Amino acid sequence: GGTTPGYVSYTALGSTAVSIDYPTAVTPLPVSKVEPGANYLGKPAYKVTMANASNPLLAERNRYVAYEAELLNSSGSKLAGYRILSQTESELLLDIGDDLLPIDATQVQIRAKFFKVVTGGSEGLGNVYGPTIPIANVRIGFAFHRNPNAPNILTGRYPSTSEQDFVRDMNDPGLLAWINSPSNPDGAGVFPRYVQWDVLFDMAYQPTSTPAPTLTPSTPRPELHFLRLPFRF
């Protein structure tokens, strides 16, 4: 479900709920220690020490900065999740976030979780209708720029057709071609340095012909609690 470009993608959980799809970037790896008291750029952080000193999936330093590290128990159940601040083959430094640190965690997996939607006080898309479609959903779009110049704001922007036009698929062929263009002044394959985003809160989400419920004062209102863009210097 949720395949309309820009909308949060989801999977049905039976017939009464859906879960948001966050792709798994690194499957569970064993950890030897999870501890508070670390430091990152002068601020408190949590430290996760991997059980193996060398983990090939983490070989590229800081590859997963801004991704979500999910700490798991021995049965693979999620205990808590935190934004990754720094990553090496053998260690993760995590933003302390809002969750208590489960020092008994035995595994960690990494997910491409770059946003958090809360509906009706709980994380997720809330109530559903019809063939397990969330009543409310969120659509996110981006525009990228190399060097904004007010008199010619569309020059160097992608998409360049209108200031109200946004790309909602990061695998969009046009976007990839624009990034990798030899005319890119920062070098082909280098991501632009400026970003603009557009967020639509759709309280009557209707991706199929099944009519969405009529809006009422009790219609669930989705909230966007964070939006991250992963990048490395």
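Here the residue numbers are simple positions, counted from 1 along each chain's written sequence. Residues qualify for local features only when their pLDDT is at least 70, as the model is predicted, and side-chain atom pairs are given and counted only at 80 or more; totals for whole chains, interfaces and linings, by contrast, use all residues. As a rule here, side-chain values come from all non-hydrogen atoms in the structure, and water together with hydrogens is ignored.

With that settled, consider the overall build of the protein. The helix count covers DSSP runs of H or I at least four residues long, the strand count covers runs of E at least two residues long, and both are numbered beginning at the N terminus. The secondary structure content of the protein amounts to one helix and 16 strands. Across its three principal directions, the C-alpha atoms of the protein cover 50 × 50 × 30 Å. Accessibility here uses a 1.4 Å probe with only protein chains present; expressed as a share of the type maximum, an area under 20% marks a residue as buried, one over 50% as exposed, and anything in between as partly exposed. Relative to its full complement of 233 residues, the protein shows a buried share of 38%. Residues count as neighbours in contact if any of their non-hydrogen atoms are within 4.5 Å of one another. Across the protein, contacts joining residues at least 24 apart in sequence account for 62% of those joining residues at least 6 apart. Carbon and sulfur atoms form 53% of the exposed surface of the protein, whose accessible area is close to 12800 Å². All accessible-area figures derive from a Shrake-Rupley calculation using a 1.4 Å probe, and residue coverage is judged against the displayed protein chains alone.

Right, let's get into the environment of Asn-73. Relative to the helices and strands, Asn-73 is located in the loop between strand E5 (68-72) and strand E6 (78-87). The spatial distance from the C-alpha of Asn-73 to the C-alpha of Trp-197 is 36 Å, given a sequence separation of 124 residues. Not counting the four nearest positions on each side in its chain, Asn-73 is found in contact with Leu-79, Thr-106 and Gln-107. By the criterion applied in these results, polar contacts are pairs of N or O atoms within 3.5 Å in which, for protein atoms, one can donate a hydrogen and the other can accept it, and in which residues neighboring in sequence qualify only through two side-chain atoms. A polar atom in the side chain of Asn-73 sits 2.8 Å from the side chain of Ser-75. Reaching out from Asn-73, the side chain makes a polar contact with the backbone nitrogen of Ser-77 at a distance of 2.9 Å.

Take the environment of Pro-28 next. On the secondary structure map, Pro-28 appears in strand E3 (residues 24-40). Along the primary structure Pro-28 and Thr-106 are separated by 78 residues, whereas in three dimensions their C-alpha atoms are 9.5 Å apart. Not counting residues within four places of it along the chain, the set of residues in contact with Pro-28 comprises Leu-72, Gln-107, Val-108 and Gln-109.

Turning our eyes to something else, we now look at the sheet that holds strand E13 (residues 137-145). When DSSP locates at least two bridges between a pair of strands, those strands are taken to pair. Ordered in space as E14-E13-E15, the three strands form an open sheet in which the pairing is antiparallel. Of all the strands in the sheet, just strand E14 (157-158) and strand E15 (194-202) have a single pairing partner and so form its edges. Judged from the two bridges that link them, E13 and E14 form a sheet pairing that is antiparallel. Bridge pairing in E14 links His-145 to Arg-157.

Another aspect to go through is the side chain of Asp-202. Summarising the element assignment, Asp-202 is placed in strand E15. Salt bridges are absent for the buried Asp-202, whose nearest opposite-charge side chain, Arg-139, sits at 7.3 Å. Non-local contacts of Asp-202, meaning those with residues more than four positions away in its chain, are made with Tyr-7, Ile-135, Ala-136 and Asn-137. The charge count includes Lys and Arg as positive and Asp and Glu as negative, but it does not include His or the ends of the chains. Every case where a carboxyl oxygen of Asp or Glu lies within 4 Å of a side-chain nitrogen of Lys or Arg is listed as a salt bridge.

This paragraph deals with a nonpolar patch on the surface. A surface patch of nonpolar side chains, about 280 Å² in accessible area, is lined by Val-195, Trp-197 and Leu-229. With respect to the helices, strands and loops of the structure, Trp-197 is situated in strand E15. For patch building, the residue pool is restricted to those with more than 30% relative accessible area and no salt bridge; the joining distance is 9 Å between like charges and 5 Å between nonpolar side chains (Val, Leu, Ile, Met, Phe, Trp, Tyr).

In this section: the packing of aromatic side chains. Each Phe, Tyr or Trp ring (for Trp, its six-membered ring) is paired with any other whose centre lies within 6.5 Å, and the angle between the two planes then decides the class: stacked below 30 degrees, edge-to-face above 60, tilted in between. The tally for this structure, following the rule as stated, stands at nine aromatic pairs. When the ring of Tyr-64 is compared with that of Tyr-67, the centres are 5.1 Å apart and the planes differ by 90°; the resulting orientation is edge-to-face. With respect to class, Tyr-64 is no different from Tyr-67; both count as buried. Ring geometry for Tyr-67 versus Phe-114: centroids 4.9 Å apart, planes at 80°, classification edge-to-face. Taken together, the positions of Tyr-67 in the loop between strand E4 (43-50) and E5 and Phe-114 in the loop between strand E8 (107-111) and strand E9 (115-119) put the pair 47 residues apart, joining distant regions of the chain. Among the aromatic residues, those joined into a cluster by ring pairs are Tyr-7, Tyr-10 and Tyr-205. Comment: the charge-over-ring label is applied if NZ (Lys) or CZ (Arg) is within 6 Å of the ring centre and within 35 degrees of the ring normal. Just above the ring of Phe-226 sits the side chain of Arg-228; from NZ or CZ to the centre is 3.9 Å.

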